[in-house]
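Residue strings, one per chain:
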Amino acid sequence: MIARLGEGGFDSSAAAGAFVAMINLSRGSSVQQAEGLFAERADGHLIRGMDVSEPRTAAEKAAGLLTTEIKSVEQAKQLDNPDAVIVFQIIDADFLLSKVATINYGSKPGQTDRVIRYHWELFGITVKWQLLESTPSSLGHYSGKEKICLTLDEVEKQGITQFGIRSADIWGKNGIIQSQIREMPYSIYCGMLFDNNTSVLVQDEVNYLPSLFSFIKSGAYLSAVRKLNQKLDVAAHTMVKVPFDLDHWTKVAEEKYPNGLPKPYSNDPTQWIFHGHPYGSVVWDEKTKWTAHGSLRTDDTVLQVAVARLLGYRWPAEQDTEMELADEQREWVNRCETLLPFADEDGIVCIPPVRGEAAAADRLLNLLAAAYNLHPSPSGRGAGGEGWSNDILAELLKNASHAGKSLETWLRDKFFAQHCKLFQNRPFIWHIWDGLRDGFSVLINYHKFDAKLMESLIYLYLGDWITRQKQDIAAGIDGAEEKLAAAENLKKKLELIKKGEAPHDIFVRWKPLQEQPIGWNPDLNDGVRLNIRPFMTVGNVKKKGAGILHDKPNIKWNKDRGKDVETAPWYHLGPEYGGKEGDRINDHHLTLAEKLTARKNIE
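The model shown is predicted, which means the values in this text are computed figures rather than measured ones.

Engineer: Can you walk me through the pairing of strand E17 (residues 441-445) in this structure?
Structural biologist: Strand residues, when the strand is regular, have side chains that alternate between the two faces of the sheet. In terms of residue burial, E17 counts as a mostly covered element, since five of its five residues are buried. Residue alternation in E17 divides its side chains into two sets, Ser441, Leu443 and Asn445 and Val442 and Ile444, and both sets are buried. Strand direction decides the pairing type here: strand E15 (residues 348-350) and E17, joined by three bridges, are antiparallel. When the sheet's bridge partners are listed, Cys350 is paired in E17 with Val442. Where strand E16 (residues 429-433) and E17 come together, five bridges link them in antiparallel fashion. Following the sheet pairing, Trp433 is matched in E17 by Ser441.

Engineer: How should the pairing of strand E7 (residues 129-133) be read in this particular structure?
Structural biologist: The element E7 is largely enclosed, with a buried count of four among its five residues. Pairing of E7 with strand E8 (residues 147-150), which is carried by four bridges, proceeds in the antiparallel orientation. If you follow Leu132 over to E8, its bridge partner there is Lys147. In the sheet, E7 pairs with strand E11 (residues 193-194) via two bridges, with the strands oriented parallel. Its bridge partner lying in E11, Glu133 is registered against Phe194.

Engineer: Can you help me understand helix H10 (residues 360-374) in this one?
Structural biologist: Think of an α-helix as turning once every 3.6 residues; residues three or four places apart then point the same way. With 15 residues, H10 should reach 21 Å at 1.5 Å per residue; the first-to-last C-alpha distance of 21 Å fits that figure. Along H10, the residues classified as buried are Ala360, Ala361, Arg363, Leu364, Leu367, Leu368, Ala369, Ala370, Ala371 and Tyr372. Elements that come into contact with the buried residues of H10 comprise helix H7 (302-310), E15, helix H11 (390-399) and helix H12 (407-413).

Thresholds applied
Residues numbered from 1 in each chain as written. Predicted model: local features only at pLDDT ≥ 70, side-chain atom pairs only at ≥ 80, totals over all residues. Heavy atoms only, no water. Buried < 20%, exposed > 50% of the residue type's maximum accessible area, 1.4 Å probe, protein only. Helix = DSSP H or I, 4+ residues; strand = E, 2+ residues; numbered from the N terminus. Pairing = 2+ DSSP bridges. Expected span 1.5 Å × (residues − 1). Contact = heavy atoms within 4.5 Å.

Next comes the structure, spelled out in structure tokens:
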């Protein structure tokens with residue numbers, strides 16, 4: 001007797017994640033019996049079994065063992081199943097998914113932290129990078145489009161030998177991309193490089209893709225796979241060894257997708273196919289069975305998108321006219337052109353009014369109103385004279401967990417923490433402040449923030465603020481002395497980062513000493529994780545571990561997984577930190593003297 005208990009078969013938390021099966025062996029009579037537990041058929045011995053994997057707790061599973069139907073299958077016929085797996089049902093090998101589709105393994109990046117970025121860590125997809133598809137979420141038709149990867153030419157140029165290319169022959173084809181973990185989330189595949197967290201299901205010659213997608217979306221596919229393989233991580237080859245009724249799922253697809261599967265669309269700003277409009281909405285219309293314009297969005301991402309646009313950010317879909325998108329998605333992309341005049345020129349926007357510029361909240365409000373009024377929703381909301389109002393602003397703030405408060409206080413108190421959460425703790429809009437709630441506070445577009453703009457921030461923007469505090473002190477205004485002290489303290493910290501002396505430096509473990517940045521001169525290709533370090537470690541103005549940032553992103557500089565090759569520039573660094581040679585150390589510091597000497601020696 002075999003009882004499939006599944007996950008949660010034990011009460012102990014120590015067994016969390018284990019998928020359990022219980023086997024009961026009994027010694028039966030050597031004489032054949034016609035009935036009962038030890039009954040046999042003339043053509044072979046039987047295996048008895050039951051499945052109580054669906055209940056979540058051990059107690060529920062125990063109760064199920066008393067009531068669940070006991071099924072019987074012939075032992076010998078289990079050898080005919082895919083991979084000879086034991087299942088309590090008959091699998092017809094003539095009607096498997098593998099008859100109409102193939103499963104393809106994703107490429108193995110090797111040095112993930114070196115070769116992969118979130119797309120928002122760079123401004124646009126430069127020549128060194130390409131779009132990457134990774135783990136989907138099953139939310140909507142398209143997901144898992146957050147990342148980019150070094151191009152294969154760049155991988156070769158940098159001598160990254162650990163990069164394992166797989167399934168290059170299906171790049172550019174249509175398919176369905178899936179994770180192999182737990183619920184196996186899925187998405188329509190866009191034909192890009194995909195990583196080894198996923199596999200792609202590609203149809204054979206005939207266009208079965210709507211049928212395949214209908215099968216997966218229904219949940220029947222996951223159920224069939226889990227009958228064959230209950231491991232947390234399903235082997236990719238198992239994913240096409242499930243029964244597939246082509247005729248049935250073709251009829252389902254004709255009803256659900258008579259026009260075929262939709263072209264890429266998403267209202268999620270973390271996706272590189274996102275249209276870039278604060279309110280823009282593209283949805284699946286069940287009546288027309290195609291994409292359509294939806295009601296203008298007021299969810300918690302609207303304000304985030306608006307702030308990014310105010311600071312001058314644009315999404316990849318806006319910068320790539322060749323990217324395949326749904327017609328409605330491309331329409332919203334084109335509408336973003338009218339919002340470009342609202343973008344700040346240098347990517348430095350102070351929350352209080354500084355240098356004659358309006359306060360950030362006022363500028364953001366203008367952008368929000370214009371975006372709403374200029375682009376009424378084709379579905380009805382916002383059209384016909386129903387324009388921007390305080391009620392809409394109140395709804396936006398409520399959805400951003402700031403109900404009943406102002407846009408200005410949301411920018412000061414909530415924006416950056418929410419920004420870090422939405423963008424996977426790789427923020428591209430940085431909130432720098434002096435630690436006072438009514439003190440100097442500024443939003444920075446990381447993509448534009450080079451050495452020149454660092455000087456502008458210190459000596460023009462912060463300098464103007466300091467001058468005003470000195471004037472307020474002379475005028476006898478309360479609180480001016482505290483603001484001046486906080487601002488001058490922030491100035492000192494920014495100057496330390498600008499100079500870049502250890503421990504306020506940037507260290508990039510894959511670059512030799514002579515190529516390490518000197519002072520605040522970041523290479524955006526190295527990623528937010530490395531470039532943000534001096535701002536978080538220069539000393540806290542308020543919150544522990546946040547440095548001069550308003551909130552602490554969940555970023556650490558622990559050693560990366562894996563072992564470097566002996567030719568890596570910092571291969572021998574590990575023992576200095578209690579590790580081994582080849583350890584991929586990140587939290588290392590170099591003096592300016594070391595860097596300058598190294599550069600001088602190669603001249």
